[in-house]
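Residues per chain are reported as follows:
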Amino acid sequence: MRPIIPDYLAEVLGDVEPDASGEPAGYIPELAAADPDRLGAAFATIGGEVYGVGDSDIEFTIQSISKPFAYALALSDRGFDSVLAKVGVEPSGEAFNEISLESDTGRPLNPMINAGAITVHSLTGAEDLNPAERVERVLHGLSAFAGRRLRMDEAVCASEMETAHRNLAIAHMLRGHGILTGDPRPIVEGYVRQCSVLVTTRDLAVMAATLANRGRNPLSGDQVVPETVVRQVLSVMFSCGMYDAAGDWATQVGIPAKSGVAGGLIGALPGQIGIATFSPRLDRHGNSVRGVSLFERFSSDMGLHVMEVPAAARAVVRSHHVVGSGPGALRVLRLQGGIGFAGAERIVREAEEIPSSDVRVALDLTRVHSIDDVARRMVLEVARRLTLDGHEVYLVDPESIIPDPDPGDGGRVTVVDTWNALT
Ligand code: GLN
């Protein structure tokens with residue numbers, strides 16, 4: 001069979017291709033020289049499959065897309081408290097290069113605007129690293145997200161440094177507020193080197209998929225950063241990743257995302273997929289015009305909005321009936337699907353209705369494919385309370401969805417493979 005996804009991607013790319021609106025970034029001379037017609041897109045699944053179409057193997061500089069990844073590195077290198085003390089998590093509603101700091105503390109509002117990202121760069125690696133070692137720490141970390149050794153574009157880097165007056169001004173302000181502690185110039189140089197790392201659209205999709213996959217690179221299998229860090233990074237991408245277009249993006253596309261001025265754009269859909277696009281012409285917010293159109297299409301075609309409400313929990317209780325009669329009767333609650341809090345609450349309510357005359361109760365998990373931590377605790381609490389009420393509780397759990405069930409104080413369950421054996 002011909003693979004479906006590349007055909008779909010090619011079709012969507014064809015639809016947005018004619019749109020030549022917007023301009024490549026002009027303030028970095030070397031970027032202004034980029035071919036504006038380039039167009040590529042890639043999907044990387046958390047199962048490790050990468051689909052690329054168009055110019056998905058062309059290298060370009062990562063620019064601001066490095067920001068969420070450097071933030072992840074800083075959080076795992078220095079811990080949440082020390083990073084949050086210096087960089088906030090509030091959307092700024094302003095342009096990426098706005099010279100704005102929190103009025104009372106002098107902290108940059110978030111790690112996605114330049115002020116925050118320059119500070120974050122200074123917080124990567126151990127405190128005593130020299131500037132070159134810090135850049136190496138970041139390059140090594142970005143490479144782990146991509147699953148291959150990345151390198152820098154020295155020409156773009158030199159070109160950006162020549163016109164980096166605004167970023168230098170921001171860094172000096174940060175130094176004035178004591179947010180940066182070292183000499184501002186090498187920090188800005190390090191940040192600019194970080195922005196000059198070369199990636200392909202495929203690399204970016206894999207980097208995004210690593211975020212979507214709880215921090216584990218789906219190609220290399222490496223756990224690049226801890227899960228708690230990923231949740232923090234995705235939250236900040238969702239609220240701040242698209243700068244002053246973040247609200248429009250959150251409502252219309254609904255995928256945690258980050259754009260870069262070279263024309264790259266990534267989105268990470270937790271538990272599903274990493275998406276990347278490349279098209280250098282930018283809109284007035286500095287986001288890729290055709291990239292935004294592609295993401296709008298992907299989101300609506302594939303129902304990828306994170307606020308899309310999942311199928312209701314009511315389906316968790318498949319049936320509830322009594323088999324047999326008299327003292328040997330067995331009450332069976334057959335459960336199904338994936339169980340989270342809301343599903344477990346349904347089970348609790350069903351259990352409340354069980355009359356005390358039905359002594360034997362079986363909770364059948366045969367068709368349950370997943371159960372999260374809170375749901376597991378609630379199901380075990382159901383078992384405990386039923387035991388205390390005088391019931392005999394059986395868990396039908398042939399695949400050990402709940403391994404070593406322990407209902408705690410006064411509770412008791414007997415695990416069986418099939419409820420037929422009980423009748
Ligand atoms: N290096 C660029 C800058 O600091 C990154 C900005 C961006 O990609 N939005 O201006």
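Keep in mind that this is a model prediction, so the values were computed, not measured. (Residues numbered from 1 in each chain as written. Predicted model: local features only at pLDDT ≥ 70, side-chain atom pairs only at ≥ 80, totals over all residues. Heavy atoms only, no water.)

A few words now on the UniProt feature "domain: STAS" (unreviewed entry) in the chain. Look at the UniProt record and you will see "domain: STAS" (unreviewed entry) annotated at residues 332-396. Between the first and last C-alpha atoms of residues 332-396 the distance is 10 Å; the span itself is 43% helix and 38% strand. (UniProt positions renumbered as here; feature names shortened; annotations may be inferred. Helix = DSSP H or I, 4+ residues; strand = E, 2+ residues; numbered from the N terminus.)

Attention shifts here to the pattern of salt bridges. This model, assessed by the stated rule, comprises 24 salt bridges. For Arg193, the salt bridge is made with Glu154, and the minimal N-O distance between the two is 2.8 Å. Remark: Glu154 occurs in helix 7 (residues 154-162) and Arg193 occurs in helix 9 (residues 184-195); sequence separation between them is 39 residues. Glu154 sits in the partly exposed class, given a relative accessible area of 45%. Overlapping salt bridges, with partners in common, bring together Glu11, Asp15, Arg297 and Asp301 in one network. (Salt bridge = Lys/Arg side-chain N within 4 Å of Asp/Glu carboxyl O. Buried < 20%, exposed > 50% of the residue type's maximum accessible area, 1.4 Å probe, protein only.)

Remark: helix 1 (residues 4-16) packs on helix 13 (residues 289-302), axes separated minimally by 10 Å, with the N-to-C direction vectors making an angle of 135°. By the angle between their directions, the pair helix 1 and helix 13 is classed as oblique. Read as a crossing pair, helix 1 and helix 13 show a hand that is right-handed. On helix 13, the residues that touch Tyr8, Leu9, Glu11, Val12, Leu13, Asp15 and Val16 of helix 1 are Arg290, Ser293, Leu294, Arg297, Phe298, Asp301 and Met302. Taken together, the residues that form the contact of helix 1 with helix 13 break down as 8 nonpolar, 1 polar and 5 charged. (Axes fitted to C-alpha atoms, helices over the stretch in contact; angles between N-to-C directions. Parallel < 35°, antiparallel > 145°, perpendicular 65-115°, else oblique. Left-handed = near helix turned anticlockwise from the far one by under 90°. Contact = heavy atoms within 4.5 Å. Nonpolar A, V, L, I, M, F, W, Y, C, P; charged D, E, K, R; others polar.)

Further remarks concern the packing of aromatic side chains. A complete count under the given rule lists 8 aromatic pairs for this structure. Summarising the aromatic geometry, the rings of Tyr8 and Phe298 are spaced 6.3 Å apart at their centres and angled 50° between planes, so their arrangement reads as tilted. Separated by 290 residues along the polypeptide, Tyr8 in helix 1 and Phe298 in helix 13 bring together distant segments of the chain. With a centroid separation of 5.4 Å and 50° between ring planes, the pair formed by Trp249 and Phe295 is classed as tilted. Of the two residues, Trp249 is situated in helix 12 (residues 246-252) and Phe295 in helix 13; the sequence distance between them amounts to 46 residues. This pair shows no difference in class: Trp249 is buried, exactly as Phe295 is. Among the aromatic residues, those joined into a ring-pair cluster are Tyr8, Phe43, Trp249, Phe295 and Phe298. (Phe/Tyr/Trp six-rings, centres within 6.5 Å; stacked < 30°, edge-to-face > 60°.)

This brings us to the UniProt feature "binding site: substrate" (unreviewed entry) in the chain. The residues that UniProt annotates with the feature "binding site: substrate" (unreviewed entry) are Ser64, Asn114, Glu160, Asn167, Tyr191, Tyr243 and Val261. With respect to the helices, strands and loops of the structure, Glu160 is situated in helix 7. Dropping the residues within four chain positions of it, Glu160 is found in contact with Ile28, Gln63, Asn167, Val192 and Cys195. Among the structural elements, Tyr191 can be located in helix 9. By relative accessible area, Tyr191 is classed as buried at 2%. Sequence-distant contacts of Tyr191, that is, excluding residues within four places in its chain, are made with Lys67, Asn114, Ala117, Ile118, His121 and Asn167.

Here we take up the sheet that holds strand 11 (residues 392-396). In spatial order, the strands read 8-9-10-11-12; together these 5 strands make up an open sheet with mixed pairing. Bordering the open sheet on either side are strand 8 (317-323) and strand 12 (413-416), each of which pairs with just one other strand. Taking each pair of neighbouring strands and ignoring which way they run, the sheet shows an average axis angle of 20°. Relative to strand 12, strand 11 runs parallel, the two sharing 4 bridges. By the bridge assignment, Leu395 is partnered in strand 12 with Val415. Sheet contacts for helix 14 (residues 341-352): strand 8 and strand 9 (330-339); angle to strand 9, the most-contacted strand, approximately 170°. Its contacts with the sheet place helix 15 (residues 373-388) against strand 9, strand 10 (360-371), strand 11 and strand 12, and it is angled at close to 175° to strand 10. (Pairing = 2+ DSSP bridges.)

Right, let's get into the sheet that holds strand 7 (residues 273-278). With antiparallel pairing, the 5 strands of this open sheet are ordered in space as 2-1-7-6-5. Looking along the sheet, the strands with just one partner apiece sit at the ends: strand 2 (50-54) and strand 5 (257-259). Going across the sheet, the axis of each strand differs from the next one's by a mean of 10°, ignoring polarity. Across 6 bridges, the pairing between strand 1 (residues 40-45) and strand 7 is antiparallel. Note that in strand 7 the partner of Phe43 across the bridge is Ile275. Its contacts with the sheet place helix 1 against strand 1 and strand 2, and it is angled at close to 35° to strand 2. Strands in contact with helix 10 (residues 201-212) are strand 1, strand 2, strand 6 (264-269) and strand 7; relative to strand 7, the strand with the most contacts, it is inclined by about 150°.

Moving on, we come to the side chain of Thr200. Considering the arrangement of structural elements, one finds Thr200 in the loop between strand 4 (198-199) and helix 10. When neighbours within four sequence positions are excluded, Thr200 is seen to be in contact with Ser56, Asp57, Ile58, Glu59, Phe60 and Arg148.

Turning our attention to the nonpolar core. Of all hydrophobic cores here, the largest spans 58 residues; its most connected members are Phe145, Leu204, Met207 and Leu211. Per-element tally for this core: the top contributor is helix 10, with 8 residues. When residues no more than four places from it in sequence are discounted, the contact partners of Leu211 are Phe69, Phe145, Val230, Val233, Leu234, Met237 and Ala268. Counting residues in hydrophobic clusters, the runner-up holds 25 residues, among them Val317, Leu363, Leu395 and Ile402. (Core = buried A, V, L, I, M, F, W, Y, C linked by side-chain atoms within 4.5 Å.)

So, about a nonpolar patch on the surface. On the surface, Met1, Ile4 and Ile5 cluster together into a nonpolar patch covering about 380 Å² of accessible area. Secondary-structure assignment places Met1 in the segment before helix 1. By relative accessible area, which is 90% here, Met1 ends up exposed. (Patch = residues over 30% accessible without salt bridge, like charges linked within 9 Å, V, L, I, M, F, W, Y side chains within 5 Å. Areas by Shrake-Rupley, 256 points an atom, 1.4 Å probe, with all protein chains shown as cover.)

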